[in-house]
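# Summary of structural features
Residues per chain are reported as follows:
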Amino acid sequence: MRCGSLCQFLCLWLCLSCVEAVPTQKIQDDTKVLIKTIITRINGISHMQSVSKYMVTGLDFLPGFHSVLGLSMMNEILETYQKILINLPSRNLMQISNDMENLQHLLQLLASSKGCHFHQAEGLQSLKGSILEASLYSTEVVVLNGLKAFLQTMLRQLEFSPEC
Amino acid sequence: MTCQKFFVALLHWEFIYVITAFNFSYPITPWRFKLFCMPPNTTQDVVLPSGISKNTSDLNGQYEAAVEAKFNSSGTYFSNFSSKPTVHCCFWSEEDKNCSVHADNIEGKEFVSTVNSVVFQQIGANWNIQCWMKEDLKLFICYMESLFKNSVKNYDLKVHLLYVLPEVLEESPLLPQKGSFQLVQCNCSVHECYECRVPVPTAKLNYTLFMYLKITSAGVVFQSPLMSVQPINIVKPDPPLDLRMEITDSGHLKISWSSPTLLPFQLQYQVKYSENSTTNMRETDEIVSATSLLVGSVLPGSSYEVQVRGKRLDGPGVWSDWSSPLIFTTQDVIYFPPKILTTVGSNVSFHCIYKNENKIVSSKKIVWWMNLAEKIPQSHYNVVGDHVSKVTFPNVNATKPRGKFTYDAVYCCNEHECHHRYAELYVIDVNINISCETDGYLTKMTCRWSTNTIQSLVGSTLQMRYHRSSLYCSDVPSIHPTSEPKDCNLQRDGFYECVFQPIFLFSGYTMWIRINHSLGSLASPPTCVVPDSVVKPLPPPSVKAEITVKIGLLKISWEKPIFPENNLQFQIRYGLSGKEVQWKIHEVYDAKSRSASLPVPDLCTVYAAQVRCKRLDGLGYWSNWSSPAYTVVMDIKVPVRGPEFWRRIDENTTKKERNVTLLWKPLMKNDSLCSVRRYVVKHHTSRNGTWSEDVGNHTKFTFLWTEQAHTITVLAVNSIGASLANFNLTFSWPMSKVNIVQSLSAYPLNSSCMILSWTLSPSDYNLMYFILEWKILNEDNEIKWLRIPSSVKKYYIHDHFIPIEKYQFSLYPIFKEGVGKPKTINSFTQDDIEKRQNDSGLYVLVPIIISSSTLLLGTLLISHQRMKKLFWEDVPNPKNCSWAQGLNFQKPETFEHLFIKHTESVTFGSLLLEPETISEDISVDTSWKTKDEKAPTAMVSLLLTTPDLEKGSICITDQCNSANFSEAESTTITCEDESRREPSVKYATLLSSSKSIEIDEEQGLINSSVSKCFSDRNSLPQDSFSNSSWEIETQAFFMLSDQHPNIISPHLTFSEGLDKLLKLEGNFLKENNDEKSVYYLGVTSIKKRESGVFLTDESSVLCSFPAHCLFTGYRILQDSCSHLVENTFNLGTSGQKTFVSYLPQFQTCSTQTQKIMENKMCDLTV
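Residues numbered from 1 in each chain as written. Chains lettered and ligands numbered in written order. Predicted model: local features only at pLDDT ≥ 70, side-chain atom pairs only at ≥ 80, totals over all residues. Heavy atoms only, no water.

## Observations regarding the overall build of chain B
Quick reminder of the rule: Secondary structure elements follow DSSP: runs of H or I no shorter than four residues count as helices, runs of E no shorter than two count as strands, and numbering proceeds from the N terminus. In this scheme, a residue with accessible area under 20% of its type's maximum is buried, one over 50% is exposed, and one in between is partly exposed, where area comes from a 1.4 Å probe on protein chains only. Contacts are residue-level and defined by heavy atoms, with any inter-residue pair within 4.5 Å sufficient. Only the protein chains shown count as cover for residues, and all accessible areas are computed by the Shrake-Rupley method using a 1.4 Å probe.
Counting its secondary structure elements, chain B contains eight helices and 69 strands. Counting over 1166 residues, chain B shows a buried share of 50%. Within chain B, residue pairs in contact and separated by at least 24 positions form 68% of the contacts whose partners lie at least 6 positions apart. On chain B, roughly 56300 Å² of surface is accessible, and the fraction owed to carbon and sulfur atoms is 50%.

Below you can see the structure in the form of structure tokens.
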């Protein structure tokens, strides 16, 4: 576990050293563009175009709603969604998953430009394979819906230069 | 009792044996050992095998097994062998001098014992045995080679290996139970060789494997002692791979090989090589831990053989087999490396050792050549050693293939001689450009690259490799050590296409092309692409185009494509719809803009519009153009104006009431914007006020004009409304008598254009415009009319005027108060004008012709007898003429004599000994131009004396008169062509000429000039020449003096009255006067049989022109003039021309050109 964290840190450091010259404004703009792109992708999925507002229970592993998000919190939530998306065997989500990975890196780059250091996100303990297999459709709809809402919140927060 | 004690003792002994037997087994050695087996009843008399010492005192060591054990023979273990004889076996190896004995008694019990100083007689059976673990660590192999002696035969030999591998790892494993052994059949691979294979799990490599061998042959069972081994200790690697030898840059021989990759431990290697050269023979055996070995300097013309084997470096192990021997032979000239594959711009070096006649050449004497054509500068040489020379090529260029040779041959030479061997240098330009494009959905990036720019290297393969960084690209892309291959497909256009899907939008994809070849691999310069920066968006959707109502702009609207989310710029192209649209481009840089309104010249046509987009920051590509959107033609605004209209008044009605028919032309789209639904006629009278009448789509409307003034307005109405700017026309009785047009003239330019001009008198009324009306005279079925602005004084009417018809033109002044009185003229046709001119000219010409003819006839009669004298009196000064030197022109003996003299200097002069005189009469008549321009008639009469009229050529006025001139003006030009080829001399007597004076149209003064055209050609008889093409033409010409008033030349004008055919400017040469009454016409050669002479009335230039008198322009005149001048002033200088103008004094030419309009000249065609 420690080795994993160290490796991740080293990778991030390597990444940051490579793109050291990228202006912060560009990173922020690209982050926003990528968020919008992911939201548009979610909206473009056929079964995501008419989703009811009904509460779906049994999917407690999803991150809760946060009205105010710091960069660290954003990173944690993104990490959680990313892990969920990886476990969803939908082909539609492969591109979104790649975008999420890019988004995480952009967020980390943005945070590092502000001197923030992220903690290693906790592993997703409650994501059970049985739930995914049994309720794949529900999970996908709810996860994408939640992700979209989170991204919209994140987009708003990025306008105000959030803290760590 | 004793038996009982013995029994107890025996049991105790056996127990001890069993206990010890479990703890002792023969440890298998990593090397080969022997198994000796003695048949029964031979144990007392044993003979030691050779090499085994009988002294047993030194039998000690780690493998000393001074153990005796006895197995219980019960059970299945030995059940099969109970009836067979027992054989005692023992192991022996060079390292272990002990021999383990395996004995079996008759009762079926056996025991295993190791006997100190055991001596076995060699009469038994012997086997060489070697066991090892294969390199894959999965198979344990015991290889057994039979060494049977004496009584034991090889037939019916069966070998089994029984083994047991414990389930748990124990430090001191106990002997296994006999029932736990597993049986493996050993197969005979080759003669007398058996191989036993025992699979061993990788996890149990450290476990102790117990086993023994059972060999059955001819009813005898040989059983080996129990053996034990840990498989990991006897691993036998495979022989080293890829053994190779190469010469290093320093000239050493380097042996290198590859290590097996499956082994979990390092190996040591033993290298065995030998060198065989003319000067040295040596063998070396070295053990190294690396996978390469430098074995000293290499020598040219030597042979090297090498083998390598490997063994575990740390711990016990088995040597691998030797690798296959590799032989490396060096030539007399050694290049190292012998071949180099590199990229453009790199630096490469070759080394060379040169051996010449068993002697190695000093490196200082070595020179280098390229392709046997170019000596490499010595500055590129380096001396590495006494015998090694080095050449370096900096910044190499791509190799240019020469036929099938795709390399540069680098030669190492000994001063002035080169060995035929060479090194090969392959320089490849690997600058492959990779371009990528991300699709509009941002899910796929397609990269394309082509190999067209690089030289293909035979045997090479191309592969695209890439490395993805998590975010963005580095400033300087570099080839990353960890890369992935990417499959690319060759397209029809020669490009390779590689698709990345899905993509990481903001990751940096560093890509390069690797060229793999047997000489090495090359890589193209890496390219890094971020998919987000190479997006080609989808075309903007929902593009619409319309002409905005009431605004009149082309409005194009669109929507933003779903991707990318960046700000976009847009580009619009629009144009008139058609097959080939002439596009106009409009840029929209406002990312939020979704429409653009553009001014267009024509609002009532269909426009096509397309839109495309690109990121506003300039990254990426333009999208494709959207599907074209078309405008729909519809009413945009109210009509720009009402129709222009005119009226036709029915004259049959009474003067108080007249039927007025209004006429107007339908409004065009540009005026109606874009259609007219109906027309409305608006009336206004002082009595009835204003009222309107809807006339629908008709363009004619009749109403009754009853009042003094009746004002009409015609409005055009479309779906938007009625026209705001309209024309008014007031019909007023009083105003119809107001006349301000003083004169009106019409001049036809051609059948499609007429010029009208007019003059006005001052008026107090408010003149708005004119209406010009014309029609064919005496035909009322159709009138045409035009609205002309009031400021215009001259107007061009374009219409199809029929030449045979007569037209009537009326110009109506339109006042604000009403329509004024028109000025009407009748225009005549050209025939009429021409006829009148001809008629008028006839009255003048006839008397003149008659009087001239009479005068000429009288002159001829009177001067007939005095012709010679009269003629030669006016010969100019003979001093100026070379041929005339010495001749008495005052008293010529005969006319012929004169020419005989002349022929002395003329090549063909003799042919002119029989001159023929030709008389030609050419008259040029000019008829009256117009009735207003009473141009005088001019006539030129010319009389040429001709003794024989039949042979001469006379141009009679009636024959060549230009009576057929199509123009209104008539110009009479008389010409005559004569195709006779007989030689002739022509003379002309100029009776009169007129002075050319320009015609003043206003005053109608008569000026005359003469334009005469004479042409006569007489060729010499064909039998007088060797070639029939040699022809001589006598070209007659004359010059008219303006001092002869009795010759009237017409002034040539055309009916249009705008252009003059000839502008009379020139004057005749002054040297001619009244006394010179006879003129020589000239003799010239012709190039064409049919040619003519045209003399204008003004220039005094004799000009030739085609027989049909077709003028092509005044160029002809100039040419002819120059020809004449040339003939005149170059007399005698050319033999060919001497016969042309042998009397040049009679010739004159004005270089002043005629200003004759080209089109007018065309009209002179007869």
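## Here we look at the overall build of chain A
Scanning chain A from terminus to terminus reveals six helices and zero strands. Of the regular secondary structure in chain A, the N- to C-terminal order runs α-α-α-α-α-α. Counting all 164 residues of chain A, 48% fall into the buried class. At a minimum sequence separation of 6, the contacts of chain A that also span at least 24 residues come to 85%. When the accessible surface of chain A is totalled, it reaches about 8900 Å², and 56% of it is carbon and sulfur.

## What about the packing of helix α2 (residues 24-44) of chain A against helix α6 (residues 136-158) of chain A?
Residues and elements named next belong to chain A. Let me state the cut-off plainly: Here, axes are lines fitted to C-alpha atoms. For helices the fit covers the stretch in contact, and angles between N-to-C directions go from 0 to 180 degrees. For classification, angles of less than 35 degrees are called roughly parallel, those exceeding 145 degrees roughly antiparallel, those between 65 and 115 degrees roughly perpendicular, and all remaining angles oblique. Two helices cross in a left-handed way if the nearer one is turned anticlockwise from the farther one by less than a right angle. They cross in a right-handed way if the turn is clockwise. Note that Gly is not counted as nonpolar here; it falls among the polar residues with everything else outside the nonpolar set of Ala, Val, Leu, Ile, Met, Phe, Trp, Tyr, Cys and Pro and the charged set of Asp, Glu, Lys and Arg.
Taken N-terminus to C-terminus, the directions of α2 and α6 make an angle of 155 degrees; their axes are 10 Å apart at the nearest point. Between α2 and α6, the interaxial angle falls into the category roughly antiparallel. When you trace α2 past α6, the crossing you get is left-handed. Across the interface between the two elements, Q28, T31, K32, I35, K36, I38, I39, I42 and N43 from α2 touch L144, L147, K148, L151, Q152, M154, L155 and L158 from α6. Partitioned by chemical class, the residues of the contact of α2 with α6 number 10 nonpolar, four polar and three charged.

## Focus: the packing of aromatic side chains
All names here are of chain B. Basically, it comes down to this: What counts as a ring pair is set by centres within 6.5 Å for rings of Phe, Tyr and Trp (its six-membered ring), and what kind of pair is set by the plane angle: stacked under 30 degrees, edge-to-face over 60, tilted for all other angles. Working rule: Lys NZ or Arg CZ, within 6 Å of ring centre, within 35 degrees of ring normal, means a charge sits over the ring.
Taken as a whole and judged by the stated rule, the model has 27 aromatic pairs over all chains. Judged by centre distance (6.0 Å) and plane angle (75 degrees), the ring pair of F405 and Y407 falls under edge-to-face. Residue F405 is classed as partly exposed on the basis of its relative accessible area, which comes to 39%. Taking relative accessible area as the criterion, Y407 reaches 11% and is therefore assigned buried. Taken together, the ring pairs connect F405, Y407, Y411, Y422 and Y426 into an aromatic cluster. Over the ring of F500 we find K486; its NZ or CZ atom is 4.6 Å from the centre of that ring. Here the basic side chain of R787 rests over the ring of Y769, its NZ or CZ set 5.2 Å away from the ring centre.

## A word on helix α4 (residues 92-113) of chain A
Residue and element names in this part refer to chain A. Quick reminder of the rule: Multiplying 1.5 Å by the helix residue count minus one yields the expected span of that helix.
With 22 residues, α4 should reach 32 Å at 1.5 Å per residue; the first-to-last C-alpha distance of 33 Å fits that figure. Burial within α4 is extensive, with 17 of its 22 residues counted as buried. A positive backbone phi angle near 80 degrees is found at G115, which sits one or two residues after α4.

## Some points on the interface of chain B and chain A
It is common to give the size of an interface as the accessible area that goes away when the parts come together. For clarity, the cut-off: By convention, the term buried area covers the 1.4 Å-probe accessible surface removed from two parts as they join, with the contributions of both added. By salt bridge we mean one thing: a side-chain nitrogen of Lys or Arg within 4 Å of a carboxyl oxygen of Asp or Glu. Definition of a polar contact: a pair of N or O atoms within 3.5 Å, with one able to donate and the other able to accept a hydrogen when the atoms are protein atoms, and with sequence-neighbouring residues admitted only if both atoms are side-chain atoms.
The interface is formed by 19 residues belonging to chain B together with 22 residues belonging to chain A. Surface buried jointly by chain B and chain A totals about 1800 Å² across both partners, of which 62% is contributed by carbon and sulfur atoms. Counting the contacts that link chain B with chain A gives one salt bridge. Inspection of the region where chain B meets chain A yields 10 residue pairs in polar contact (both at pLDDT 80 or more). Its residues placed into classes, the side of chain B that touches chain A shows 11 nonpolar, five polar and three charged.

## Focus: the sheet that holds strand β38 (residues 489-490) of chain B
All names here are of chain B. Test applied: Two strands are said to pair when DSSP picks up at least two bridges between them.
One open sheet holds the four strands; their spatial order is β34-β35-β39-β38, and the pairing between them is antiparallel. Of all the strands in the sheet, just β34 (434-438) and β38 have a single pairing partner and so form its edges. Here five bridges tie β34 to strand β35 (residues 445-450), and the two strands are oriented antiparallel to one another. Within β35, the position partnered with I434 by the bridge is W449.

## Quick word on the confidence of the model for chain B
As a general rule, the predicted coordinates of low-pLDDT regions are not to be interpreted in detail. Residues and elements named next belong to chain B. Formally: Along the chain, pLDDT gives the predictor's confidence residue by residue, from 0 to 100.
Scored by pLDDT, chain B comes out at a mean of 71, with 61% of its residues at no less than 70. Throughout residues 6-23 the model reports pLDDT below 50, and contacts reaching past four residues in sequence, or to other chains, amount to 21 contacts. The model gives residues 42-82 a pLDDT under 50, and that stretch makes 97 contacts with residues more than four places away or in other chains. The ipTM value of the predicted complex is 0.87, and its pTM value is 0.55.

## Topic: the state of the cysteines
The criterion, for reference: Note on disulfides: each one is a pair of cysteine sulfur atoms within 2.5 Å.
If you walk through the whole model with that rule in mind, you get nine disulfides over all chains. Here C116 of chain A pairs with C164 of chain A through a disulfide, and the sulfurs are 1.6 Å apart. Because the torsion about its S-S bond is -75 degrees, the bridge between C116 of chain A and C164 of chain A counts as left-handed. Separated by 48 residues along the polypeptide, C116 of chain A in the loop between α4 and α5 (129-134) and C164 of chain A in the segment after α6 bring together distant segments of the chain. You can call C116 of chain A buried: its relative accessible area is 6%. The disulfide partner of C436 of chain B is C447 of chain B, and the gap between their sulfur atoms is 2.0 Å. Judged by the torsion about the S-S bond (105 degrees), the C436 of chain B/C447 of chain B disulfide is right-handed.

## Digging into the confidence of the model for chain A
Summary statistics for chain A give a mean pLDDT of 79 and a share of 75% for residues scoring 70 or more. Here helix α1 (residues 2-18) of chain A is the element of chain A with the lowest mean pLDDT, 53, and α2 of chain A is the one with the highest, 93.

## Considering the side chain of T37 of chain A
Secondary-structure assignment places T37 of chain A in helix α2. With a relative accessible area of 1%, T37 of chain A lands in the buried category. Non-local contacts of T37 of chain A, meaning those with residues more than four positions away in its chain, are made with L442, L505, F563 and E565 of chain B.

## Looking at a nonpolar patch on the surface
All names here are of chain B. Quick note on the threshold: The patch calculation keeps residues exceeding 30% relative accessible area without a salt bridge and links them within 9 Å when they carry like charges or within 5 Å when they are nonpolar (Val, Leu, Ile, Met, Phe, Trp, Tyr).
Among the surface-exposed residues, V606, Y630 and V633 lie close enough to one another that they form a single nonpolar patch of about 230 Å² accessible area. Here Y630 is to be found in strand β49 (residues 629-630). Residue Y630 is classed as partly exposed on the basis of its relative accessible area of 45%.

## Here's the deal with the pairing of strand β25 (residues 348-356) of chain B
Residue and element names in this part refer to chain B. Most of β25 is tucked away: seven of the nine residues are buried. Pairing analysis gives six bridges linking β25 to strand β30 (residues 388-393), with the strands arranged antiparallel. Paired with F350 across the bridge in β30 is V391. Inspection of the sheet shows β25 paired to strand β26 (residues 359-360) by two bridges, in the antiparallel sense. What sits directly across from N356, in β26, is K359.

## A closer look at the pattern of salt bridges
All names here are of chain B. Tallying each qualifying case throughout the model produces 17 salt bridges over all chains. In this structure, E195 and R197 form a salt bridge, with 2.8 Å as the shortest nitrogen-oxygen distance. Its relative accessible area of 41% is what places R197 among the partly exposed residues. Where salt bridges share partners, they join R448, D493 and E497 into one cluster.

## Focus: the environment of C89 of chain B
With respect to the helices, strands and loops of the structure, C89 of chain B is situated in strand β4 (residues 86-92). Remark: the alpha-carbon pair of C89 of chain B and Q223 of chain B, spanning 134 residues in sequence, is separated by 6.5 Å.

## So, the nonpolar core
Rules: We call a set of buried residues a nonpolar core when its members are Ala, Val, Leu, Ile, Met, Phe, Trp, Tyr or Cys and they connect through side-chain atoms within 4.5 Å of each other. Here the bounds of each domain stem from an automatic or database domain assignment.
Core analysis: the biggest nonpolar cluster contains 100 residues, and I96, F150, L151 and M154 of chain A together with W368, F393 and M511 of chain B have the highest contact counts within it. Top element by residues in this core is α6 of chain A. It accounts for 10 residues. Shared between two domains, this core holds at least three residues of each, these being domain 2 (332-429) and domain 3 (430-533) of chain B. If you look at the next biggest cluster of nonpolar residues, it comprises 68 residues, including M133, M144, Y163 and Y273 of chain B.

## Here's the deal with the environment of W664 of chain B
All names here are of chain B. Relative to the elements of secondary structure, W664 occurs in strand β51 (residues 658-664). According to the relative accessible area criterion, W664 is buried, its value standing at 4%. Along the primary structure W664 and G642 are separated by 22 residues, whereas in three dimensions their C-alpha atoms are 9.7 Å apart. Discounting residues that sit within four places of it in the chain, W664 has contacts with P643, E644, F645, Y679, V681, V695, H698, T699, K700, F701, V714 and W785.

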